[in-house]
Amino acid sequence: MAAITLGGTPTKTNGNLPKVGEKAPNFTLRRSDLSKTTLEDYKGKTLILNIFPSIATGVCATSVRNFNQKASALENTQVLCISKDLPFAHESFCATEGIKNTLNLSDLSGAFGEDYQVKITDGAFEDLLSRAIVVIDTAGKIAYTEQVSEIGNEPNYEAAINAASL
């Protein structure tokens, strides 16, 4: 289990992020139109998975904005912003903010959080996703991970972008 904090209060996840070099676990997530999307849909692309608790919080929203800006310069790369928010919340946020370079997806079933080991298992955010970054290369292998130790902190954008650029 990853030991993380929320406002300095210890909490944990259901495990640890996949290891660099491993095959990325498959996933099924929901788009804003409620259609399903899977890892297979992005075959041959580099993926940056921006994982967070809720689009309705300041740091989560900032991460989506930052990756939206940075994603426009990346070739053959798709940023997937993933939380357990309803797809409609993602759609509303993106429309309001003019987000066009990231794809916001919902883990309605909770399976993604289980499989990627980012489900928070206790505390105020229990059952939400922790703040983490996973980069998957064009071969479907894990190229980079970051489990952000304090949920209220932003991820290391540059490290993720650099990993996606290799």
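On a predicted model such as this, the values are computed, not experimentally measured, just so you know. (Residues numbered from 1 in each chain as written. Predicted model: local features only at pLDDT ≥ 70, side-chain atom pairs only at ≥ 80, totals over all residues. Heavy atoms only, no water.)

1. Regarding the confidence of the model for the chain
Do not read the fine detail of predicted coordinates wherever pLDDT is low.
Reasoning step 1: Mean pLDDT over the chain stands at 92; residues scoring 70 or higher make up 100%.
Reasoning step 2: For the chain, per-element mean pLDDT is lowest for helix H2 (residues 87-97), which scores 79, and highest for strand E9 (residues 142-147), which scores 98. (pLDDT = per-residue confidence, 0-100. Helix = DSSP H or I, 4+ residues; strand = E, 2+ residues; numbered from the N terminus.)

2. Some points on the packing of helix H1 (residues 58-71) against helix H4 (residues 157-165)
Reasoning step 1: It is at 11 Å that the axes of H1 and H4 come closest, and there the two elements cross at 40 degrees. Put simply, H1 runs oblique to H4. In this structure, the crossing between H1 and H4 has a hand that is right-handed. Where H1 approaches H4, its residues Thr62, Ser63, Asn66, Phe67 and Lys70 are matched on the opposing element by Tyr157, Glu158, Ala160 and Ile161. (Axes fitted to C-alpha atoms, helices over the stretch in contact; angles between N-to-C directions. Parallel < 35°, antiparallel > 145°, perpendicular 65-115°, else oblique. Left-handed = near helix turned anticlockwise from the far one by under 90°. Contact = heavy atoms within 4.5 Å.)

3. Focus on the pattern of salt bridges
Reasoning step 1: Per the stated rule, a full pass over the model turns up 4 salt bridges.
Reasoning step 2: With a shortest N-O distance of 3.1 Å, Glu158 and Lys70 are connected by a salt bridge. Here Glu158 is found in helix H4, whereas its partner Lys70 is found in helix H1, with 88 residues between them in sequence.
Reasoning step 3: Linking Glu114 and Lys119 is a salt bridge whose minimum nitrogen-to-oxygen distance equals 3.1 Å.
Reasoning step 4: According to the relative accessible area criterion, Lys119 is partly exposed, its value standing at 23%.
Reasoning step 5: Each of Glu114, Lys119 and Asp127 takes part in a single network of salt bridges with overlapping partners. (Salt bridge = Lys/Arg side-chain N within 4 Å of Asp/Glu carboxyl O. Buried < 20%, exposed > 50% of the residue type's maximum accessible area, 1.4 Å probe, protein only.)

4. Looking at the nonpolar core
Considering soluble globular proteins, one finds that nonpolar side chains tend to be buried as a cluster.
Reasoning step 1: Among the nonpolar cores identified, the biggest contains 22 residues, and Ile48, Val64, Phe67, Phe93, Ile133 and Val135 are the most heavily contacted of them.
Reasoning step 2: Breaking this core down by element, the ones donating at least two residues are H1, strand E6 (77-83), H2, strand E8 (132-136) and H4.
Reasoning step 3: Residues within four places of Ile133 in sequence aside, it is in contact with Leu17, Ile48, Leu49, Asn50, Phe67, Tyr144, Thr145, Glu146, Pro155 and Ala160.
Reasoning step 4: Counting residues in each nonpolar core, the second largest holds 20 residues, with Leu17, Leu49, Leu80 and Phe112 among its members. (Core = buried A, V, L, I, M, F, W, Y, C linked by side-chain atoms within 4.5 Å.)

5. Here we look at the environment of Ile120
Reasoning step 1: Note that Ile120 resides in the loop between helix H3 (111-115) and E8.
Reasoning step 2: Put simply, Ile120 and Ala3 are 117 residues apart on the chain and 9.9 Å apart in space, counted from C-alpha to C-alpha.
Reasoning step 3: Setting aside chain neighbours within four positions, we find Ile120 in contact with Ile4, Thr11, Lys12, Thr13, Phe125, Glu126, Asp127, Leu128, Leu129, Ser130 and Ile151.

6. Comments concerning the packing of aromatic side chains
Reasoning step 1: Taken as a whole and assessed by the stated rule, the structure comprises 4 aromatic pairs.
Reasoning step 2: Ring plane angle 20 degrees and centroid distance 4.5 Å describe the contact between Phe112 and Tyr116, whose orientation is recorded as stacked. Across this residue pair, the class does not change: Phe112 and Tyr116 are buried.
Reasoning step 3: Members of the aromatic cluster, each reached through a chain of ring pairs, are Phe27, Phe112 and Tyr116. (Phe/Tyr/Trp six-rings, centres within 6.5 Å; stacked < 30°, edge-to-face > 60°.)

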